[in-house]
Amino acid sequence: MTGAQRREQLVAVGRSVFAERGYDATSIEELAVRADVSKPVVYEHFGGKEGLYAAVVDREMQRLLDRFTSALAEGGSPRALLERAALVLLDYVDSDTDGFRVLSRDSPGSGTYSSLLGELARRVEFLLAEQFAARGFDPRLAGLYSTALVGMVALVGQWWLEHRSPGREEVAARLVDLAYSGLSRLDPAPALRTTGDQPA
């Protein structure tokens, strides 16, 4: 096996083990045993568990971001973009379950999943800002709304990972209906209707 092939093998094994056990519960020993190599081989390629984890996460983030970029690049109405974004995430949950588990489980440091969600929200923010400006809303608020939308879809993705019912397309349709129905009736200057615990 060449060095590049060994590296690919270790990334694949790491993806599987980190998805199954999480970062903290995974040891270099287990990674080496699963890959049928000695511990020094893992250290040689990645410098340790953290380096292998970072390689796995980088690959999964890029894989998912590529899917989102491709789906959003096709253009279309805001609702069509939202539908495609929801389906991309749910398809990723369904077809790359280990990758999604790695991204959404416990992670060392600042939290990988939140970083990924931040990147997705920034991409959606750009699209929302254009729509807001065209409709007379303050485009500076697009970041708030894009973060809310991405967070909603991502958390539902985590829930759906465990339940798998209803089906992917129905979940996407319900998500989009909730989000788009709210966006289509967006108040440019919303105010809370309650003060403290008393109805307004």
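Residues numbered from 1 in each chain as written. Predicted model: local features only at pLDDT ≥ 70, side-chain atom pairs only at ≥ 80, totals over all residues. Heavy atoms only, no water.

Draft legend 1. Structural view of the overall build of the protein. Counting its regular elements, the protein contains nine helices and two strands. Each principal axis of the C-alpha atoms in the protein carries an extent, and together these give about 65 × 45 × 35 Å. Residue burial in the protein is summarised as follows: out of 200 residues, 38% are buried. Contacts in the protein between residues far apart in sequence, at least 24 positions, make up 65% of those at least 6 positions apart. With the model as given, the accessible surface of the protein reaches about 11,000 Å², and the carbon-plus-sulfur share is 53%. When the 23 positive and 28 negative side-chain charges of the protein are each reduced to one mean point, those points stand 1 Å apart. (Helix = DSSP H or I, 4+ residues; strand = E, 2+ residues; numbered from the N terminus. Buried < 20%, exposed > 50% of the residue type's maximum accessible area, 1.4 Å probe, protein only. Contact = heavy atoms within 4.5 Å. Areas by Shrake-Rupley, 256 points an atom, 1.4 Å probe, with all protein chains shown as cover. Lys, Arg positive; Asp, Glu negative; His and termini not counted. Charge placed at Lys NZ, Arg CZ, Asp CG, Glu CD.)

Draft legend 2. Quick look at the nonpolar core. Counting 58 residues, the largest nonpolar core has F18, L52 and L64 as the members making the most contacts within it. Tallying contributions element by element places helix 4 (residues 49-73) first for this core, with eleven residues. The residues touching F18, leaving out its near neighbours within four places in the chain, are Y23, T26, L31, K49, L52, Y53, V56, V102 and R105. (Core = buried A, V, L, I, M, F, W, Y, C linked by side-chain atoms within 4.5 Å.)

Draft legend 3. A look at helix 4. The terminal C-alpha atoms of helix 4, which comprises 25 residues, lie 36 Å apart, in line with the 36 Å expected from a rise of 1.5 Å per residue. G75 occupies a position one or two residues after helix 4 and carries a positive phi of about 75°. (Expected span 1.5 Å × (residues − 1).)

Draft legend 4. Local environment of the packing of aromatic side chains. Following the criterion strictly, the structure yields four aromatic pairs and no others. A centroid spacing of 4.9 Å and a plane angle of 70° characterise the contact between Y23 and Y53, whose relative ring orientation is edge-to-face. Here Y23, found in the loop between helix 1 (3-21) and helix 2 (28-35), pairs with Y53, found in helix 4; they are 30 residues apart in sequence, far enough to count as distant. Note on accessibility: Y23 and Y53 belong to one class, buried. Here the aromatic rings of Y92 and F100 are separated by 6.4 Å at their centres, their planes lie at 75°, and the arrangement is edge-to-face. The class of Y92 is buried, set by a relative accessible area of 0%. On the basis of relative accessible area, F100 is assigned to the buried category, the value being 0%. Cluster of aromatic residues (ring-pair linked, three or more members): F18, Y23 and Y53. Here the guanidinium or amino end of K49 rests over the ring plane of Y23, the centre of that ring lying 4.2 Å away. (Phe/Tyr/Trp six-rings, centres within 6.5 Å; stacked < 30°, edge-to-face > 60°. Lys NZ or Arg CZ within 6 Å of the ring centre and 35° of its normal.)

Draft legend 5. Summary view of the side chain of K49. One can find K49 in helix 4. Here K49 is buried and forms no salt bridge, its nearest opposite-charge partner D24 lying at an N-O distance of 5.2 Å. Once residues within four sequence positions are removed from consideration, K49 is found in contact with F18, Y23, D24, T26, I28 and L31. (Salt bridge = Lys/Arg side-chain N within 4 Å of Asp/Glu carboxyl O.)

Draft legend 6. Local environment of the packing of helix 6 (residues 97-104) against helix 8 (residues 142-163). The N-to-C vectors of helix 6 and helix 8 enclose an angle of 125°; their axes lie 11 Å apart at closest approach. With respect to each other, helix 6 and helix 8 are oriented oblique. Between helix 6 and helix 8 lies a crossing of left-handed hand. Of the residues in helix 8, those touching helix 6 at T97, F100, R101 and S104 are A154, G157, Q158, L161 and E162. Residues belonging to the contact of helix 6 with helix 8 are distributed by class as follows: three nonpolar, four polar and two charged. (Axes fitted to C-alpha atoms, helices over the stretch in contact; angles between N-to-C directions. Parallel < 35°, antiparallel > 145°, perpendicular 65-115°, else oblique. Left-handed = near helix turned anticlockwise from the far one by under 90°. Nonpolar A, V, L, I, M, F, W, Y, C, P; charged D, E, K, R; others polar.)

Draft legend 7. Up close: the side chain of D96. Mapped onto the fold, D96 is located in the loop between helix 5 (78-95) and helix 6. In terms of polar contacts, D96 uses its side chain to reach the side chain of S95, at 3.4 Å. Sequence-distant contacts of D96, that is, excluding residues within four places in its chain, are made with R15, R63, R67 and D91. (Polar contact = N/O pair within 3.5 Å; in protein donor to acceptor, adjacent residues only side chain to side chain.)

By themselves, these are just geometric observations and shouldn't be taken as functional.
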